[in-house]
2 protein chains.
Amino acid sequence: MVNIVILGTGNLAKHLYSAFSKADNVDVVQIVGRNREELQQFSEKVHTSNDFNAILDADVYLIVVKDDAIAEVSNYLANKKGVVVHTSGATDLNAIKPENSGVFYPLQTFTKGKTVDFSSIPICIEAEEKESLETLRKLAGSISQNVHHIDSEQRKKLHLAAVFVNNFTNYLYGVGEELCLEEGLSFDLLKPLILETAEKVRTMSPKEAQTGPACRNDIKSMESHQELLNNEEHITLYKLLSQAIKQAHEEEL
Amino acid sequence: MVNIVILGTGNLAKHLYSAFSKADNVDVVQIVGRNREELQQFSEKVHTSNDFNAILDADVYLIVVKDDAIAEVSNYLANKKGVVVHTSGATDLNAIKPENSGVFYPLQTFTKGKTVDFSSIPICIEAEEKESLETLRKLAGSISQNVHHIDSEQRKKLHLAAVFVNNFTNYLYGVGEELCLEEGLSFDLLKPLILETAEKVRTMSPKEAQTGPACRNDIKSMESHQELLNNEEHITLYKLLSQAIKQAHEEEL
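Everything numeric in this text was worked out from a predicted model, so none of it was measured.

A short note on the UniProt feature "domain: Pyrroline-5-carboxylate reductase catalytic N-terminal" (unreviewed entry) in chain A
- In the numbering adopted here, UniProt assigns the feature "domain: Pyrroline-5-carboxylate reductase catalytic N-terminal" (unreviewed entry) to residues 4-84 of chain A.
- The distance separating the terminal C-alpha atoms of residues 4-84 of chain A is 10 Å; by composition the span is 31% helix and 23% strand.

Rendered as C-alpha cells:
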C-alpha cells in the first residue's frame, strides 16, 4: 500500500485524485489546499485540510500546484519522512526543498470535467533517493502501464516538445477553424483530417508522413494559398512553416 | 446504379477504387492510366486501359491525377455525356474542359497501404449542372455519410485550412520527435498527447482548448524553452507561434 497526500485542488489534482482513488494499493489519506470551495468537493470522500501546517503523514506527498508555488509548498514538508514530488514538466527536481525529493510528471493535457484514461499516459518519474524512485514507480504503476524514469534535463526537453505537439498544434487547429468560419463552413469538416493526422504518426515517423505543397515544393499552390490569407500573422506563419518543411525535405534528398 | 470511370492509378485512385468497389449502386466500369505497372494491379478486378482515347462510357468520370495534369486529361473527355470531375482541393472547377464539369473532393489524408473508412470522410461536391450535382451526391453518398455541396472558393479555403491542420501540424510533430531523439527519448512518449490534443477539439473549440505558457503569458517558461532549442528555425517558430497565441488570447480578454 502506498499512502499519499495531494497538495493542490486544481484540474490536475482532481484528475490524479480520481485515478488514485480507483487504484489498488494506493490510499489517498488527505487533500490539502487553500481554496475552501475546491476542497469542499473532496470532503465527502477523503480527509481534507486548508492548513499546510496540518499535513498528515504519508509515503508520497504530491505537490500539484502552479510551477512558481512548488518551492513554497514544499517548505511545509521539511520535516516529513516520505518523498516530496512535484508534477511539473518544466520545473527542476531541486525546486523541492526537502532532500527526499522527486518528480511525478504525467505527460498529457487534462481537460476540466473530461475523464482521462491514465493507463496509457506516460508518467515520467525521477527521485533523489533510490528507494523513493521505487516508491514512485509503484505509485505510477498503479494507474499507468507507461512509466518512465527520466531526468530533469530530459523532462524539460519533453515538456518543450509537448508545447510543439500540443499548444502549437492546437493553435493551428484554431487557424483552420477561423478559415472555415470565414467561408461559412463548419469546423466539423476538418475534424476527420485532424484525427487521421494524429493517428498517422502512431505508425509512421512525421517526416515520412509529411505531405502538402511545401513538401513537394509546389510554388504555384503555395502562392495561391498566401493570396487567400487575409491575416498578416497567418501569412508569416504559412511562409515560415512551408520554408521549414521544404528545407527538412530537401535535407532528406 | 452510377457507372464510373476512374482516370489515374495513384494513391487516392486506389483508395477510391477500393471504396467504390464495395459500394452498392456503384459500378466501376474502367480504370484508365498511363502507368502500366500500376494498372496491372487493377486488371484482375476491373477493365483497365492505358489509352486515353479508349475511355468507356459512364455517368461520372473521376480524374484522379496531379493538379497540373487535370486540364489535359479532361480534354480526352470532351465528347462524353457524363459528368467529368476532378478530386483536387486546390483546383478550380473550370480546370475541367468539358462543360458538364464537377468536383468530388474527399477531405482527408490518404496513406499508401492504410485502409481508410470513407463513411465519415467529408466529401465536398460541386457541379456546373444541377442534374450532375445530384449524380455526384448519390455517388458520394454511396461511400460517405458526410457529403457537402461546396463552391470552388470555399473549397480552396478549406484546402488551405487543411494545410494548417494537417501539413503544418505534422511538421510540429516532427519537431517534437527531433527534440525527443536529442535526449535519447522515444517519440512514443508524445503519442498519447498528440491523440488527446486532436480528440479534444472534437467537442471544444481550439480557442477554448488552448493551454500552455504563451496562453497564460508565462514569460519565464517561454524564455527557458527558447534556451533549450538549438535550431534557429525552431526558435523563430517558437517565438512566432507563442506571440500569435498570446495575441489571440489577449483579444479574447
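A word on the relation of the copies chain B and chain A
- With an RMSD of 0.0 Å, chain B superimposes on chain A once it is rotated by 180° and translated 0.0 Å along the axis. These values place the two chain copies in the arrangement generated by a two-fold rotation axis. Across chain B, the smallest distance between a C-alpha and the rotation axis is recorded for Thr169 of chain B, namely 2.7 Å.
- Most of the interface of chain B is mirrored in chain A, where 100% of its interface residues are also at the interface.

Here's the deal with unusual backbone geometry
Residue and element names in this part refer to chain A.
- Positioned with a positive phi, Asn217 is a non-glycine residue whose angle comes to about 50°.
- Note that Asn217 resides in the loop between α7 (206-209) and α8 (219-228).
- By relative accessible area, which is 34% here, Asn217 ends up partly exposed.

With respect to the pattern of salt bridges
All names here are of chain A.
- This structure, assessed with the given rule, holds 27 salt bridges over all chains.
- For Arg155, the salt bridge identified is with Glu126, shortest N-O distance 3.0 Å. Of this pair, Arg155 sits in helix α5 (residues 152-182) while Glu126 sits in strand β7 (residues 123-127); the two residues are 29 residues apart in sequence, bridging distant segments of the chain. You'll find Arg155 and Glu126 in the same group, each marked buried.

Some remarks on helix α4 (residues 130-141) of chain B
All names here are of chain B.
- Along its twelve residues, α4 runs 16 Å from first to last C-alpha, staying within 8% of the 16 Å computed at 1.5 Å per residue.
- Within α4, the full set of buried residues consists of Ser132, Leu133, Leu136, Leu139 and Ala140. On an axial view of α4, the arc spanned by its buried residues comes to 125°, and they lie on one face. Along α4, exposed side chains directed more than 90 degrees from the buried face belong to Lys130 and Glu131.

Here's the deal with the interface of chain B and chain A
- Listed as interface residues are 81 residues of chain B and, on the opposing side, 81 residues of chain A.
- Both faces combined, the contact of chain B with chain A buries some 8,200 Å², and carbon together with sulfur accounts for 69% of it.
- Remark: the boundary between chain B and chain A carries eight salt bridges.
- We note a salt bridge from Glu178 of chain B to Lys207 of chain A, for which the minimum N-O separation is 3.5 Å.
- Elements with a minimum of two residues in the side of chain B that touches chain A: α5 (152-182), α6 (191-200), α7 (206-209), α8 (219-228) and α9 (232-252) of chain B.
- Ranked by residues supplied to the side of chain B that touches chain A, first place goes to α5 of chain B with 28 residues.
- Of the residues contributing to the side of chain B that touches chain A, the split by class is 41 nonpolar, 25 polar and 15 charged.

Concerning helix α1 (residues 11-22) of chain B
Residues and elements named next belong to chain B.
- In a regular helix each residue adds 1.5 Å, so twelve residues correspond to 16 Å; α1 covers 17 Å between its end C-alpha atoms and thus fits that length.
- Every buried residue of α1 is accounted for by Leu12, Ala13, His15, Leu16, Tyr17, Ala19 and Phe20.
- Those residues of α1 that are buried lie in contact with β1 (2-7), β2 (26-32), α2 (36-42), β4 (60-63), β6 (101-106) and α4.

Focus: the packing of aromatic side chains
- Scanning all chains against the criterion turns up 14 aromatic pairs over all chains.
- Aromatic pair Phe20 of chain A and Phe104 of chain A: ring centres 5.9 Å apart, planes at 50°, arrangement tilted. In this pair, Phe20 of chain A is assigned in helix α1 (residues 11-22) and Phe104 of chain A in strand β6 (residues 101-106), connecting sequence segments 84 residues apart. Here Phe20 of chain A and Phe104 of chain A have matching classes, each one buried.
- The ring of Phe52 of chain B is capped by Arg34 of chain B, whose NZ or CZ atom sits 4.8 Å from the centre of that ring.

Details of the UniProt feature "domain: DUF2520" (unreviewed entry) in chain A
- With numbering matched to this structure, UniProt assigns "domain: DUF2520" (unreviewed entry) to residues 121-245 of chain A.
- Along residues 121-245 of chain A the backbone is 65% helical and 6% strand, and the end-to-end C-alpha distance reaches 29 Å.

Brief notes about the sheet that holds strand β3 (residues 48-49) of chain B
All names here are of chain B.
- Spatially, β3-β2-β1-β4-β5-β6-β7-β8 is the arrangement adopted by the eight strands of the open sheet, whose pairing is mixed. Where the open sheet ends on each side, the last strands, each with one partner, are β3 and β8 (147-149).
- Of the pairings in the sheet, the one linking β2 to β3 comprises two bridges and is parallel in character. Looking at the pairing, Val32 lines up with Ser49 of β3.
- Each of β1, β2, β4, β5 (83-86), β6, β7 (123-127) and β8 is contacted by α4, which is oriented at about 165° to β7, the strand it contacts most.

Thoughts on the sheet that holds strand β5 (residues 83-86) of chain A
All names here are of chain A.
- Taking strand neighbours across the sheet as the criterion, the eight strands line up as β3-β2-β1-β4-β5-β6-β7-β8 in an open arrangement whose pairing is mixed. Taken across any chain shown, the strands that pair with only one partner, and hence form the sheet edges, are β3 (48-49) and β8 (147-149).
- Pairing of strand β4 (residues 60-63) with β5 involves four bridges; the strand directions are parallel. In the strand pairing of β5, Tyr61 is matched with Val84.
- Lying on the sheet, helix α4 (residues 130-141) is in contact with β1 (2-7), β2 (26-32), β4, β5, β6, β7 and β8; it crosses β7 at an angle near 165°.

Considering the domain arrangement of chain A
All names here are of chain A.
- Taken domain by domain, chain A comprises domain 1 (2-150) and domain 2 (155-252).
- Centre-to-centre, using C-alpha coordinates, domain 1 lies 36 Å away from domain 2.
- Counting residues at the interface gives 14 residues for domain 1 and six residues for domain 2.
- Together domain 1 and domain 2 conceal approximately 780 Å² of surface at their shared face, both sides included; 58% is due to carbon and sulfur atoms.
- Seen at the junction of domain 1 and domain 2, the total is two salt bridges.
- The tally of links from domain 1 across to domain 2 stands at five residue pairs in polar contact (both at pLDDT 80 or more).
- The set of elements that each furnish at least two residues to the side of domain 1 that touches domain 2 consists of β6 and β7.
- Looking at the side of domain 1 that touches domain 2, its residues break down into seven nonpolar, five polar and two charged.

What counts and how
- Residues numbered from 1 in each chain as written.
- Chains lettered and ligands numbered in written order.
- Predicted model: local features only at pLDDT ≥ 70, side-chain atom pairs only at ≥ 80, totals over all residues.
- Heavy atoms only, no water.
- UniProt positions renumbered as here; feature names shortened; annotations may be inferred.
- Helix = DSSP H or I, 4+ residues; strand = E, 2+ residues; numbered from the N terminus.
- Least-squares fit on C-alpha atoms with pLDDT ≥ 70 in both.
- Contact = heavy atoms within 4.5 Å.
- Buried < 20%, exposed > 50% of the residue type's maximum accessible area, 1.4 Å probe, protein only.
- Salt bridge = Lys/Arg side-chain N within 4 Å of Asp/Glu carboxyl O.
- Expected span 1.5 Å × (residues − 1).
- Arc of directions from axis to C-beta.
- Buried area = accessible area lost by both parts, 1.4 Å probe.
- Nonpolar A, V, L, I, M, F, W, Y, C, P; charged D, E, K, R; others polar.
- Phe/Tyr/Trp six-rings, centres within 6.5 Å; stacked < 30°, edge-to-face > 60°.
- Lys NZ or Arg CZ within 6 Å of the ring centre and 35° of its normal.
- Pairing = 2+ DSSP bridges.
- Axes fitted to C-alpha atoms, helices over the stretch in contact; angles between N-to-C directions.
- Domains from an automatic or database assignment.
- Polar contact = N/O pair within 3.5 Å; in protein donor to acceptor, adjacent residues only side chain to side chain.

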